[in-house]
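Per-entry structural report
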Amino acid sequence: MILMNDRNIFAEIEAVQVSIHCEIIKNLLARHRSLSIVKTATFSFAIKKLTLLQGNYYNARNRTDLVLKYLSQISGCYDEFCRQLPYILQSIDLLVKAGICDVHETELISKEPINACTEDFGAFTIAAIEESKRYTDRQFWKEVLSVV
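Overview of the structure.

Analysis parameters
Residues numbered from 1 in each chain as written. Predicted model: local features only at pLDDT ≥ 70, side-chain atom pairs only at ≥ 80, totals over all residues. Heavy atoms only, no water. Helix = DSSP H or I, 4+ residues; strand = E, 2+ residues; numbered from the N terminus. Expected span 1.5 Å × (residues − 1). Bend = angle between axes of the 7 residues up to and from the residue. Buried < 20%, exposed > 50% of the residue type's maximum accessible area, 1.4 Å probe, protein only. Core = buried A, V, L, I, M, F, W, Y, C linked by side-chain atoms within 4.5 Å. Pairing = 2+ DSSP bridges. Axes fitted to C-alpha atoms, helices over the stretch in contact; angles between N-to-C directions. Lys, Arg positive; Asp, Glu negative; His and termini not counted. Salt bridge = Lys/Arg side-chain N within 4 Å of Asp/Glu carboxyl O. Contact = heavy atoms within 4.5 Å. Phe/Tyr/Trp six-rings, centres within 6.5 Å; stacked < 30°, edge-to-face > 60°. Lys NZ or Arg CZ within 6 Å of the ring centre and 35° of its normal.

Brief notes about helix α4 (residues 78-97)
Between its first and last C-alpha, α4 extends 29 Å over 20 residues, near the 28 Å set by a 1.5 Å rise per residue. Q84 marks the point of greatest bend in α4, at about 35°, and the proline P86 comes within the next four residues. For α4, the set of buried residues is F81, Q84, L85, I88, S91, I92 and L95. Just downstream of α4, G99 is the residue with a positive phi angle, here 80°.

A closer look at unusual backbone geometry
Even without glycine at this site, R33 takes up a positive phi of about 70°. Summarising the element assignment, R33 is placed in the loop between α1 (4-32) and β1 (34-36). Look at R33 and you get partly exposed, because its relative accessible area is 35%. One non-glycine residue with positive phi stands out, namely E105, at about 55°. Following the sequence through the fold, E105 ends up in the loop between β2 (101-104) and β3 (107-110).

With respect to the nonpolar core
In terms of nonpolar packing, the biggest core is built from 36 residues, with L28, F43, Y70, L71 and F140 touching the most fellow members. Elements with a minimum of two residues in this core: α1, α2 (37-53), α3 (66-72), α4, α5 (123-132) and α6 (137-147).

Re the sheet that holds β1
Strands sit in the order β1-β3-β2 across an open sheet of three strands; the sheet is antiparallel. Each of the sheet's edge strands pairs with one partner strand only, and the pair in question is β1 and β2. Ignoring strand direction, the axes of neighbouring strands in this sheet form an average angle of 25°.

Considerations on the side chain of K48
Assignment of secondary structure puts K48 in helix α2. Despite its burial, K48 pairs with no opposite charge; the closest candidate is E80, at 5.6 Å N-O. Each residue touching K48, except ones within four places of it in the same chain, is listed here: Q17, I20, H21, I24 and Q84.

With respect to the packing of aromatic side chains
Summed over the entire model, instances satisfying the criterion amount to six aromatic pairs. Here the aromatic rings of F81 and W141 are separated by 6.0 Å at their centres, their planes lie at 50°, and the arrangement is tilted. Here F81, found in helix α4, pairs with W141, found in helix α6; they are 60 residues apart in sequence, far enough to count as distant. Exposure remark for F81: the relative accessible area of 2% places this residue in the buried category. What makes W141 partly exposed here is its relative accessible area of 30%. Taken together, the ring pairs connect F43, Y70, F124, Y135 and F140 into an aromatic cluster. In this arrangement the basic side chain of K39 is found over the ring face of F140, its NZ or CZ atom lying 6.0 Å from the centre.

Some words on the pattern of salt bridges
Throughout the structure, instances matching the rule amount to five salt bridges. With a shortest N-O distance of 2.8 Å, E80 and K49 are connected by a salt bridge. Residue E80 is found in helix α4, and its partner K49 is found in helix α2; the two are separated by 31 residues along the sequence. Its relative accessible area of 24% is what places E80 among the partly exposed residues. Here D93 ties to K97 by a salt bridge, and the two come within 3.1 Å at their closest N and O atoms. Here the residue D93 and the residue K97 both occupy positions in helix α4, the gap between them amounting to four residues, near one helical turn. Residue D93 is classed as partly exposed on the basis of its relative accessible area, which comes to 36%.

Structure below.
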């Protein structure tokens, strides 16, 4: 039996999760201007996870297989990733409804100026995102599922 206080706690947890992902996604789009929904969801999860772990295993000096190295840091987090997806998608929906970004086919496109990014995700994260743009969504999702 779920009590009223339990419902309030769940609503607060959801609000915090959505808020965190909204901020991450907004900053991702402000820096990269556009990114597919699949890549946005994956990088939002990874950034949140790596921020909690406080750092990357790799740094910007790595030059080969950046996407795979980046994704390897969230290896074994499939269940957690699946639990976070509704919050991430809800965040995307809120940002679209707020007029911060648009959806065109499978791309999220920022309406904010490029210099509106308020957070530095680190050189390695930025390089991995840039490299991921060379992947189709299908290729990227395949890598995510094989690594995570």
